[in-house]
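One-letter residues, chain by chain:
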Amino acid sequence: MATPTRPAPSPAALLIYPATLLLGSLFSVISPVARATRDSSLRLPKSAAPLAPSLAADLHLSENPVNYFARKNNIFNIYFVKIGWLWTTVAFVSLLLFQPAYRASSSLSQAQQQTRVRRALQAFLRYAIATTIWYLMTQWFFGPAIIDRSFLVTGGKCEEVMERAGKMDLGGSPSTQVETLFSAAACKAAGGAWRGGHDISGHVFMLVLATALLAHEAVGAGAFSAFSASNRADGDSARERKASDPVVSGPMNEEPDSGLARKWSLRLVWGVVGLGWWMLFMTAIWFHTWLEKVSCS
Ligand SMILES: CCCCC/C=C\C/C=C\C/C=C\C/C=C\CCCC(=O)SCCNC(=O)CCNC(=O)[C@H](O)C(C)(C)COP(=O)(O)O
Ligand SMILES: Nc1ncnc2c1ncn2[C@@H]1O[C@H](COP(=O)(O)O)[C@@H](OP(=O)(O)O)[C@H]1O
C-alpha cells in the first residue's frame, strides 16, 4: 500500500482572498449603512469623494461611525488585529506542541520520532519565513517598513508634521526626525496625516499572510490526525502497517490526555483563522480604496 502523506491544500483555496475583497467592496457600495458612512465623507472636498473610505479613515471619520466594525477602536481591531502576529504565533506554537503530526513521544519508534521532529522543523521554518516577510513588510526594513517605503515612493508624505517641521524644530536627533516623517506609525503618533501616496493596507497584508499560514498548517495536521484515527479503527492491519512504516504514525500511541489538547489547539487555530477572515472582510468593507486592498493580497 502506498504511504499516505499529508494532503497539501489546493492553491485554488487562495481564491477566497480576492473573493472576500470583492464581496466586501461590493457590500460597501450597495449597503445603505456603508453608504451612510460614505455620505458623511461626501462633506469632504468633491475631488476626495471617490476615495471616501480611505479618506474617511485618514480623517478619523471612522472613530464614530454607524457600524461597530467600521470603528478603528473596535475591540477586535485593538486586541486581535493590532497584535495579530502574536495570536498567529500562539496558535502556531499550539499546533507544534499538541498535534500528533509534529509531536515526538517516547512511545514511538526512533524512526517515527525522527519523522515528527523533521516535520516540526519544516513547519517552524515556514513560520520563520512568514514572520520575516511580515516583519519586513509592516515593521522594519532597514528603517521604515516596505509598506511605508512604497507609500513614500508613490508620492505620500506625513503632511501636517512636514509643515510643522518646516516652521519649527521637532526636537530629538536628526535621525528621530527622519523616522517621524517616514513611518506611518510615527507620523500618526506625532499628530501628522499620512496622505497622498498609495497606502497598501497593512491589515489586509497581515491577515492574508497569517490566515493562509495557519489554515495551511491546520489542514495538514488535522488530516494527519484523522488519517491516524481511521487507521486506529482499522485495527490490527493498521497496527502491522504502522510498525513497518516510520512515516505513518498517529494517536494510536498517544498519551490519553493529549487528545483534548489536540482538539483545542485545532479549535484555537481555526478560531484565529475565522476571526482573521472576518476582520479582512470588515477591512474590505470599511477601509481603503480598491487598489490598496488588492495590491497586497
Ligand atoms: C533581516 C530581517 C530579519 C527579521 C527577523 C524576523 C523574524 C525572525 C525569524 C523567525 C522568528 C522566530 C521566532 C520569532 C519569535 C517571536 C515572534 C513573535 C512575534 C510577535 O508576537 S510580535 C508582537 C505582536 N505584535 C504584533 O502582532 C503586531 C501586529 N500588527 C501589525 O503588524 C500592524 O499593526 C498591522 C500591519 C496589522 C497594521 O498596521 P497599522 O495600520 O496599525 O499601521
Ligand atoms: N477591520 C478593521 N477594523 C478597524 N480598523 C481598521 C480595520 N482595517 C483597517 N483599520 C484601520 O484603518 C487604518 C488603516 O489600516 P491599514 O493600513 O493597516 O489597513 C488603521 O488606522 P490607524 O493606523 O489609525 O489605527 C487601521 O487601524
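Bear in mind that the values here come from a model prediction, so they are computed numbers and not experimental data.

Novice: Tell me about the overall build of the protein, and please be specific about residues and values.
Specialist: Helix and strand counts for the protein come out as 14 helices and 2 strands. Counting across all 297 residues of the protein, residues that qualify as buried make up 42%. Here the contacts in the protein between residues at least 6 apart in sequence split such that 72% fall between residues at least 24 apart. Within the structure as shown, the protein displays about 15,600 Å² of accessible surface, and the carbon and sulfur contribution to it stands at 67%.

Novice: Help me get a handle on the site of ligand 1, residues and values and all.
Specialist: Around ligand 1 sit 20 residues in total, of which Lys82, Ile83, Trp85, Trp134 and Gln139 are the nearest. In the model, an oxygen atom of ligand 1 is placed 3.4 Å from a nitrogen or oxygen of the isoleucine 83 main chain. A distance of 3.2 Å is found between an oxygen atom of ligand 1 and a backbone nitrogen or oxygen belonging to leucine 86. When isolated, ligand 1 has an accessible area of 1,000 Å², and the protein chains bury 62% of it. When residues of the shell around ligand 1 are assigned to their parent elements, the largest contribution, 9 residues, is made by helix H6 (residues 110-138). Taken together, the residues of the shell around ligand 1 break down into 11 nonpolar, 8 polar and 1 charged.

Novice: Describe the layout of surface pockets, and please don't skip the residues or the numbers.
Specialist: What the second largest pocket holds in volume is close to 340 Å³. Lining the second largest pocket are 16 residues, and of these Ala13, Leu14, Tyr17, Ala212 and Ala215 lie nearest its centre. For the lining of the second largest pocket, the secondary-structure elements that each account for two or more residues are helix H1 (16-30), helix H11 (202-234) and helix H13 (258-286). It is H11 that provides the largest number of residues to the lining of the second largest pocket, a total of 6 residues. Grouping the constituent residues of the lining of the second largest pocket by class yields 13 nonpolar, 3 polar and no charged.

Novice: Tell me about the state of the cysteines, residues and numbers included.
Specialist: Applying the stated rule across the entire model yields 1 disulfide. Here cysteine 158 engages in a disulfide with cysteine 187; their sulfurs sit 2.1 Å apart. Linking cysteine 158 and cysteine 187, the disulfide has an S-S dihedral of approximately 90° and is accordingly described as right-handed. In this pair, cysteine 158 sits in strand S1 (residues 157-158) while cysteine 187 sits in helix H10 (residues 184-189), placing the two residues 29 residues apart along the sequence. Across the pair, exposure class does not vary: cysteine 158 and cysteine 187 are buried alike.

Novice: Hey, could you go over the site of ligand 2 for me, with residue numbers and the actual values?
Specialist: Around ligand 2 sit 15 residues in total, of which Lys82, Lys188, Ser201, His203 and His288 are the nearest. Protein coverage of the free-state accessible area of ligand 2, which is 540 Å², stands at 86%. Of all the secondary structure elements, the ones that give two or more residues to the shell around ligand 2 are H11 and H13. Taken together, the residues that form the shell around ligand 2 break down as 4 nonpolar, 7 polar and 4 charged.

What counts and how
Residues numbered from 1 in each chain as written. Chains lettered and ligands numbered in written order. Predicted model: local features only at pLDDT ≥ 70, side-chain atom pairs only at ≥ 80, totals over all residues. Heavy atoms only, no water. Helix = DSSP H or I, 4+ residues; strand = E, 2+ residues; numbered from the N terminus. Buried < 20%, exposed > 50% of the residue type's maximum accessible area, 1.4 Å probe, protein only. Contact = heavy atoms within 4.5 Å. Areas by Shrake-Rupley, 256 points an atom, 1.4 Å probe, with all protein chains shown as cover. Near = heavy atom within 4 Å. Polar contact = N/O pair within 3.5 Å; in protein donor to acceptor, adjacent residues only side chain to side chain. Nonpolar A, V, L, I, M, F, W, Y, C, P; charged D, E, K, R; others polar. 1 Å grid on protein atoms, 1.4 Å probe; cavity = no way out; pocket = protein on both sides within 12 Å on 5 of 7 lines; lining within 4 Å. Points joined across faces, edges and corners; volume = space filled by probe spheres on them. Disulfide = S-S within 2.5 Å.

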